[in-house]
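Listed here are the chains, written in short residue letters.
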Amino acid sequence: MKITDLIGYQVLDSRGKPTVAAAVTLEDGTTHTARVPSGASTGKHEALELRDGSSTHADKYFGGHSVNKAVENINTVISQHLIGEPIDLSLIDQKLEQLDPSANHGQLGANATLAVSLASAIAAAHAKGLSLARYFQPDGKLLLPMPMVNILSGGAHANRTLDFQDVLVVPCGANSFAEAISWVVAVRESAAKLGSQQGKVTNLVADEGGLGIAFPSIQEACNFVLSAIEEVGLSVGSQVSLALDVASTQFFKGERYQLNNPGREFTSDEFVHFILGLVTEFPIVSIEDPFAEDDWNAWQSFTGLAPSSLQILGDDLLTTNSARLDRSIATKAANAILIKANQNGLVTSTLEVLLRAHGAGFNTVVSARSGETEDSWLADLATGWRAGQIKVGSTHGAERNAKWNRLLELEKREDTEFARPFNGAG
Ligand code: 2PG
Ligand code: MG
């Protein structure tokens, strides 16, 4: 089946910031749309998100964030080359690569290429009469991912109420996705209740739906979430464990890790030992970006010292980039990769990074961004790609729940099994 039309247009993300949407129309008259997400704590090695800057007339009210140039690139260069072509995802992504051979998709904008690539994937699945998850895995049981869910938010997502960006929970002992998400909802509610009992401000919801509660230290924040878990009668460790996204690049300044709470700064080596202390003291199964995006030595020495069961997850470090992944495999810096399609810019090359990671024995966590949309394709990608884990933010906000709800739907409608990557943890 051929593409008869392709358009790009500007829409809003969950922060009210402009983002790119693309719509692919097929010969059978159906139209398939996708919208791209956008980060706040972005890594400097990510693919380029093309924004207009403040000078354009069309941008007057968007403070330089509008995406008219990226949209224009879809409506001129890209559509010229794709209209009339068959709906074949790998050919389309190859064409997009040829149209913008720059490593970071900086000419067309990774927001333009990804919108087209995603809409094409959705259209290609339709053309085969499959769900997007099934398009990537036509046979056998689909693997529903274990969710990693934000309870407390800090960093760039919550005006630095905490130095660390996320304190998350992993319902590692749940037997189904539906059970997993129900436990998490209970823990988030329990945390909100506990916070108000303790006189904390709990009505501040951060960009990803987590509670923006201030704490004097990360240890107090972790203890608070542990109490919230116990309060609902779930057992810490065997049923629900902790995970952290330190997002440390955000507070790595002048070669020092600078914490506001408590006011203290650390050399890389000191911070390696600080993080080791945290993962020893708390039932933490996964730690993301404990070190800055180019502090490779710290990553390497931590991975050598940490318990082998700990998931050491590279986000800003690896930026869904195969060369950076290869370096981390070769140097044993990290043992897991966060997979974000918009860090990469194309669906097929994002999948290639994930498969390469699996080949090296790395865990993979498919992730949303802090600026999200109502789209749910992420749930299908995580499932059809057998990622094993997914991170979407909290269970608050329709842009987050669209992904959880799609996973609940896949669990009911498809032949699935639930991933248990931390089975036996705790
Ligand atoms: C992260 C993401 C999502 P952002 O750091 O993992 O939580 O944040 O999209 O702002 O980069
Ligand atoms: Mg991160």
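So, here's what we can say about the structure. (Residues numbered from 1 in each chain as written. Chains lettered and ligands numbered in written order. Predicted model: local features only at pLDDT ≥ 70, side-chain atom pairs only at ≥ 80, totals over all residues. Heavy atoms only, no water.)

With respect to the site of ligand 1
Taken together, 15 residues are adjacent to ligand 1, and Ala40, His157, Arg369, Ser370 and Lys391 come closest. One of the backbone N or O atoms of Ala40 is found 2.7 Å from an oxygen atom in ligand 1. Lys340 places a side-chain nitrogen or oxygen 3.2 Å from an oxygen atom of ligand 1. Considering ligand 1 on its own, with 310 Å² of exposed area, one finds that the protein chains cover 99% of that surface. More than half of the atoms belonging to ligand 1 lie within 2 Å of the grid points that define the largest cavity. Among the residues forming the shell around ligand 1, the class breakdown is three nonpolar, five polar and seven charged. Inspection of the shell around ligand 1 shows a minimum of three residues originating in each of domain 1 (3-129) and domain 2 (142-418). (Near = heavy atom within 4 Å. Polar contact = N/O pair within 3.5 Å; in protein donor to acceptor, adjacent residues only side chain to side chain. Areas by Shrake-Rupley, 256 points an atom, 1.4 Å probe, with all protein chains shown as cover. 1 Å grid on protein atoms, 1.4 Å probe; cavity = no way out; pocket = protein on both sides within 12 Å on 5 of 7 lines; lining within 4 Å. Sits in = over half its atoms within 2 Å of the grid points. Nonpolar A, V, L, I, M, F, W, Y, C, P; charged D, E, K, R; others polar. Domains from an automatic or database assignment.)

Some remarks on the environment of Ala334
Inspection of the secondary structure assignment puts Ala334 in the loop between α9 (322-331) and β13 (336-339). With a relative accessible area of 3%, Ala334 lands in the buried category. Excluding residues that lie within four positions of it along the chain, Ala334 makes contacts with Trp299, Thr303, Ile312, Gly314, Leu317 and Phe362. (Helix = DSSP H or I, 4+ residues; strand = E, 2+ residues; numbered from the N terminus. Buried < 20%, exposed > 50% of the residue type's maximum accessible area, 1.4 Å probe, protein only. Contact = heavy atoms within 4.5 Å.)

Re the nonpolar core
Residues Leu152, Phe164, Leu244, Phe271, Ile275 and Phe302 are the most contacted members of the largest nonpolar core, which totals 134 residues. In terms of residue count, helix α3 (residues 110-127) provides more of this core than any other element does, ten residues in total. A domain split of this core shows at least three residues from each of domain 1 (3-129) and domain 2 (142-418). (Core = buried A, V, L, I, M, F, W, Y, C linked by side-chain atoms within 4.5 Å.)

Brief notes about the coordination of the magnesium ion (ligand 2)
The coordination sphere of the magnesium ion (ligand 2) contains the protein donors Asp245 (OD), Glu288 (OE) and Asp315 (OD), at a distance range of 2.0 to 2.3 Å. The sequence pattern formed by the donor residues of the magnesium ion (ligand 2) is D-x42-E-x26-D. Within this pair, whereas Asp245 is found in strand β7 (residues 241-245), its partner Asp315 is found in the loop between β12 (311-314) and α9, the two being separated by 70 residues in sequence. With respect to class, Asp245 is no different from Asp315; both count as buried. (Donors = N, O, S within 2.8 Å, 3.2 Å for Na, K, Ca; no water.)

As for the sheet that holds strand β6 (residues 166-170)
Picture the strands of a sheet paired through backbone hydrogen bonds; they go either parallel or antiparallel. The sheet built from eight strands closes into a barrel, its strands ordered β5-β6-β7-β11-β12-β13-β14-β15 with mixed pairing. Mean inter-strand twist for the sheet, computed between neighbouring axes without regard to direction, equals 25 degrees. Its contacts with the sheet put helix α5 (residues 177-197) on β5 (146-153) and β6, and the angle it makes with β5 is roughly 10 degrees. (Pairing = 2+ DSSP bridges. Axes fitted to C-alpha atoms, helices over the stretch in contact; angles between N-to-C directions.)

Section: the pairing of strand β14 (residues 363-367)
A large share of β14 lies buried, amounting to four of its five residues. Pairing between β13 and β14: four bridges, direction parallel. Across the sheet, the residue bridging to Ile339 is Val366, located in β14. Bridge analysis of β14 against strand β15 (residues 388-393) gives four bridges, and the strand direction is parallel. Residue Val366 lies in a different strand from β15, and its bridge partner there is Ile390. Taken together, β14, helix α12 (residues 377-384) and β15 form a β-α-β motif whose crossover is right-handed. (Right-handed = clockwise from strand over helix to strand, strands pointing away.)

Comments concerning the side chain of Ser120
Position of Ser120 relative to the elements: it lies in helix α3. On the accessibility criterion, Ser120 (1% relative accessible area) is buried. Look past the residues within four positions of Ser120 in its chain and what remains in contact with it is Val24, Ile87, Leu89 and Ile92.

In short, geometric facts, not functional conclusions.
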